[in-house]
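Structural overview
The lines below spell out each chain.
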Amino acid sequence: MKKGKRLYEGKAKIIYATQDKDLVIQYFKDDATAFNNQKKTTIEGKGVLNNRISEHILSNLSQIGIKNHLVKRLNMREQVIKLVEIIPIEFIVRNVATGSLTKRLGIEDGTVLKEPLIEYCLKDDKLGDPLIAEEHIYAFEWANKKEIEKIKKMILRINDFMIGMFRGIGIKLIDFKLEFGRLKVNGKNEIILADEISPDTCRLWDSITDKKLDKDRFRKDLGDLIPAYTEVAKRLGILHEQSNVSAVNVTQLSSVKKKNK
Ligand code: TMP
Ligand code: ASP
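The rules behind each value
Residues numbered from 1 in each chain as written. Chains lettered and ligands numbered in written order. Predicted model: local features only at pLDDT ≥ 70, side-chain atom pairs only at ≥ 80, totals over all residues. Heavy atoms only, no water. Near = heavy atom within 4 Å. Polar contact = N/O pair within 3.5 Å; in protein donor to acceptor, adjacent residues only side chain to side chain. Nonpolar A, V, L, I, M, F, W, Y, C, P; charged D, E, K, R; others polar. Areas by Shrake-Rupley, 256 points an atom, 1.4 Å probe, with all protein chains shown as cover. Helix = DSSP H or I, 4+ residues; strand = E, 2+ residues; numbered from the N terminus. Buried < 20%, exposed > 50% of the residue type's maximum accessible area, 1.4 Å probe, protein only. Contact = heavy atoms within 4.5 Å. Axes fitted to C-alpha atoms, helices over the stretch in contact; angles between N-to-C directions. Parallel < 35°, antiparallel > 145°, perpendicular 65-115°, else oblique. Left-handed = near helix turned anticlockwise from the far one by under 90°.

**A few points about the site of ligand 2**
- All residues adjacent to ligand 2 are K11, T33, A34, F35, N36, N37, K215 and R219.
- Within the backbone of N37, one N or O atom sits 2.8 Å away from an oxygen atom of ligand 2.
- A per-class count over the shell around ligand 2 returns two nonpolar, three polar and three charged.

**Focus on the site of ligand 1**
- The full set close to ligand 1 counts 14 residues, and R94, S100, D175, K177 and R203 are the nearest of them.
- Between ligand 1 and the protein, one listed contact pairs an oxygen atom with a side-chain N or O atom of E90 at 3.4 Å.
- The side chain of D175 places a nitrogen or oxygen atom 2.6 Å from an oxygen atom of ligand 1.
- Protein coverage of the free-state accessible area of ligand 1, which is 450 Å², stands at 78%.
- Going through the elements one at a time, strand 9 (89-96), helix 2 (99-105), strand 12 (171-185) and strand 14 (202-206) are the ones with two or more residues in the shell around ligand 1.
- When its residues are assigned to classes, the shell around ligand 1 shows three nonpolar, three polar and eight charged.

**Observations concerning the side chain of K13**
- Structurally, K13 can be placed in strand 2 (residues 13-17).
- Residue K13 is classed as buried on the basis of its relative accessible area, which comes to 12%.
- Engagement of the side chain of K13 in a polar contact is seen with the side chain of D195, the distance being 2.9 Å.
- Once you skip the residues sitting within four places of it in the chain, K13 turns out to touch Y8, Q26, Y27, F28, K29, D195 and E196.

**Section: the packing of helix 1 (residues 46-63) against helix 6 (residues 225-235)**
- Orientation of helix 1 relative to helix 6, taken along the N-to-C sense of each, is 20°, at an axis distance of 10 Å. Comparing their axes, helix 6 and helix 1 come out roughly parallel. Here the hand of the crossing between helix 1 and helix 6 comes out left-handed. Across from K46, L49, N50 and I53 in helix 1, the residues of helix 6 making contact are L225, I226, Y229, T230, V232 and A233.
- Here the contact of helix 1 with helix 6 is composed, by residue class, of seven nonpolar, two polar and one charged.

Here it is as structure tokens:
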């Protein structure tokens with residue numbers, strides 16, 4: 001597939017056109033940002049790991065009927081995805097209280113929530129992705145009620161599936177962020193899951209030790225982000241157990257899975 005012009009560059013990914021107007025290439029960068037770009041650095045190998053982990057999770061989700069934008073992974077850093085009209089909302093799903101929720105409402109860190117909590121943030125970097133109410137979504141027509149009802153149903157299934165998937169490999173799914181897009185199918189809009197699901201967009205804690213295996217290692221200056229993401233990839237079966245944890249090995253990732261099967 002031929003890569004065309006750059007259509008959009010975000011904080012962690014770049015979108016390129018292809019010859020097919022319905023498909024684009026999503027490129028995973030090594031850039032890490034936090035607190036709306038106030039803190040940033042480059043972490044060699046992060047993009048490679050996120051590409052693989054996101055591919056794994058999205059292809060598993062499509063196997064349980066969750067439609068999503070992933071067509072196929074192309075190489076270490078790129079995947080072909082369906083071009084969608086992104087709904088400008090970040091859907092935050094929480095199982096355990098931590099992060100901005102605890103700061104905002106004074107809830108004790110680590111409180112297990114009785115039911116998953118869905119929060120909405122407007123996707124607008126200039127405004128710092130502010131938290132919004134569901135009513136704002138309808139008032140400003142960012143999405144309609146039917147779309148949000150459909151998205152909520154998808155979110156709960158995705159959450160149930162991902163909690164189970166991670167629990168099976170000794171990881172607690174604390175919270176995560178999802179994005180959805182509109183796709184025209186036979187003249188009608190369909191809602192599908194978009195963006196990425198990776199340790200950049202999830203909080204993942206080791207089930208026994210509560211060790212953070214996600215981007216909080218960068219946000220909180222804990223270090224060892226690549227070993228943590230590599231651990232997630234290994235446990236998911238994307239990387240074989242023997243491979244050494246280093247950025248250099250991460251660059252060899254693409255051939256590992258095939259050889260290992
Ligand atoms: P928060 O506690 O900082 O609001 O984050 C909640 C979850 O959403 C956490 O898993 C990180 C993820 N997230 C993103 O992926 N992108 C973002 O821009 C933000 C603010 C959070
Ligand atoms: N992704 C956001 C940023 O780049 C916030 C975060 O993930 O903490 O600033």
